[in-house]
Amino acid sequence: MRFHTRKWVKPEDLNANGTLFGGRVLAWVDEEAALYSIIQLENKKVVTKYMSEINFMSTAVEGDIIEIGIDVIKFGTTSISLNCEVRNKMTHESIVTVDNIIMVNLDEKGNPKPHGKTKIEYVKDRLAKKEKEENS
C-alpha cells in the first residue's frame, strides 16, 4: 500500500472522548480516494459510488500524525476500485480499513464515462511519455 497523505490530528478533529472523530477520518478517506482517482483517471469529474464495510480498529489523539494509504484493486470501464488503510504514524497501529471504494468517472453531464485506463500510471511516467512524443 502506498501512503500518499498525512494529517495532523487537531482539536477540531476530536470527538467527545478526546479521540479522533470517525466522521472526520471518513471525510479524509473519501477526499483521498477522490484525489487519487482524479489523478489516475485524468478527469476532475469523479464521484464516490460505494464504500464497503468500514473497520475501525484503533484511534488517534490530538497531536498524532496519521497517514492515508490507497491501493488500486481494479480498473472497471467507467470506475476504479480502491482499498484504503489509515494508520497512526505515532503508534504504528491501523486506525481504519476500507476494503472497497468504487469511484466513477463522469462526463460533462454527470453520466458515467469510460476512462480507458487499465493500470496504475505515475506522473513521472506520463511526463516521460509526453516528452518522448514531443521529441518524436
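The residue numbers shown here count from 1 along each chain, following its written sequence. Side-chain atom pairs in this predicted model are given and counted only at pLDDT of 80 or more, local residue features only at pLDDT of at least 70, and totals for whole chains, interfaces and linings cover all residues. Hydrogens and waters are ignored; side-chain quantities use all the structure's heavy atoms.

## A short note on the overall build of the protein chain
Operational definition: Strands are runs of DSSP state E lasting at least 2 residues, helices are runs of H or I lasting at least 4, and numbering of each runs from the N terminus. Categorising residues by exposure relies on relative accessible area from a 1.4 Å probe, with only protein chains included: less than 20% of the type maximum marks a residue as buried, more than 50% marks it as exposed, and the intermediate range marks it as partly exposed. Here a residue-residue contact requires only that any non-hydrogen atoms of the pair lie within 4.5 Å.
Tallying secondary structure elements over the protein chain gives two helices and six strands in all. Secondary structure elements in the protein chain, listed N-terminal to C-terminal, are β-α-β-β-β-β-β-α. When its C-alpha atoms are laid out on the principal axes, the protein chain stretches across 60 × 35 × 25 Å. For the protein chain, the proportion of its 136 residues judged to be buried stands at 36%. Excluding contacts between residues fewer than 6 apart, the proportion of contacts in the protein chain whose partners are at least 24 apart in sequence is 67%.

## Re unusual backbone geometry
Non-glycine residue E42 carries a positive phi angle of around 55 degrees. The residue E42 is located in the loop between α1 (22–41) and β2 (46–51) in this model. Residue classification places E42 among the exposed positions, given a relative accessible area of 51%. Residues other than glycine seldom take positive phi values, yet H92 does so here, at roughly 65 degrees. Mapped onto the fold, H92 is located in the loop between β5 (79–88) and β6 (94–105).

## Quick word on the environment of I54
Secondary-structure assignment places I54 in strand β3 (residues 54–56). For I54 and D99, which are 45 residues apart along the polypeptide, the C-alpha to C-alpha distance reads 7.5 Å. When near neighbours in sequence (up to four residues on either side) are disregarded, I54 contacts L26, V96, T97 and V98.

## Considerations on helix α2 (residues 123–135)
As a reminder, the rule being used: Expected span of a helix: the number of residues minus one, times 1.5 Å.
Look at α2: 18 Å from first C-alpha to last across 13 residues, which is about the 18 Å you get at 1.5 Å a residue. Counting buried positions over the 13 residues of α2 gives one, only a small fraction of the element.

## Considerations on the packing of aromatic side chains
Quick note on the threshold: Between the rings of Phe, Tyr and Trp (Trp by its six-membered ring), a pair exists once the centres lie within 6.5 Å; its type follows the angle of the planes, with under 30 degrees stacked, over 60 edge-to-face, and the other angles tilted. Only when the NZ atom of a Lys or the CZ atom of an Arg is both within 6 Å of the ring centre and within 35 degrees of the ring normal do we say a charge sits over the ring.
Counting across every chain of the model gives zero aromatic pairs. Above the ring of F3, the side-chain terminus of R87 is found at 3.5 Å from the ring centroid.

## Observations concerning the side chain of N88
Counted only if it meets this: Definition of a polar contact: a pair of N or O atoms within 3.5 Å, with one able to donate and the other able to accept a hydrogen when the atoms are protein atoms, and with sequence-neighbouring residues admitted only if both atoms are side-chain atoms.
Position of N88 among the secondary structure elements: in strand β5. At a separation of 3.2 Å, a polar atom in the side chain of N88 contacts the main-chain amide nitrogen of T91. Sequence-distant contacts of N88, that is, excluding residues within four places in its chain, are made with T59, A60, D64, I65, I66, E93 and I95.

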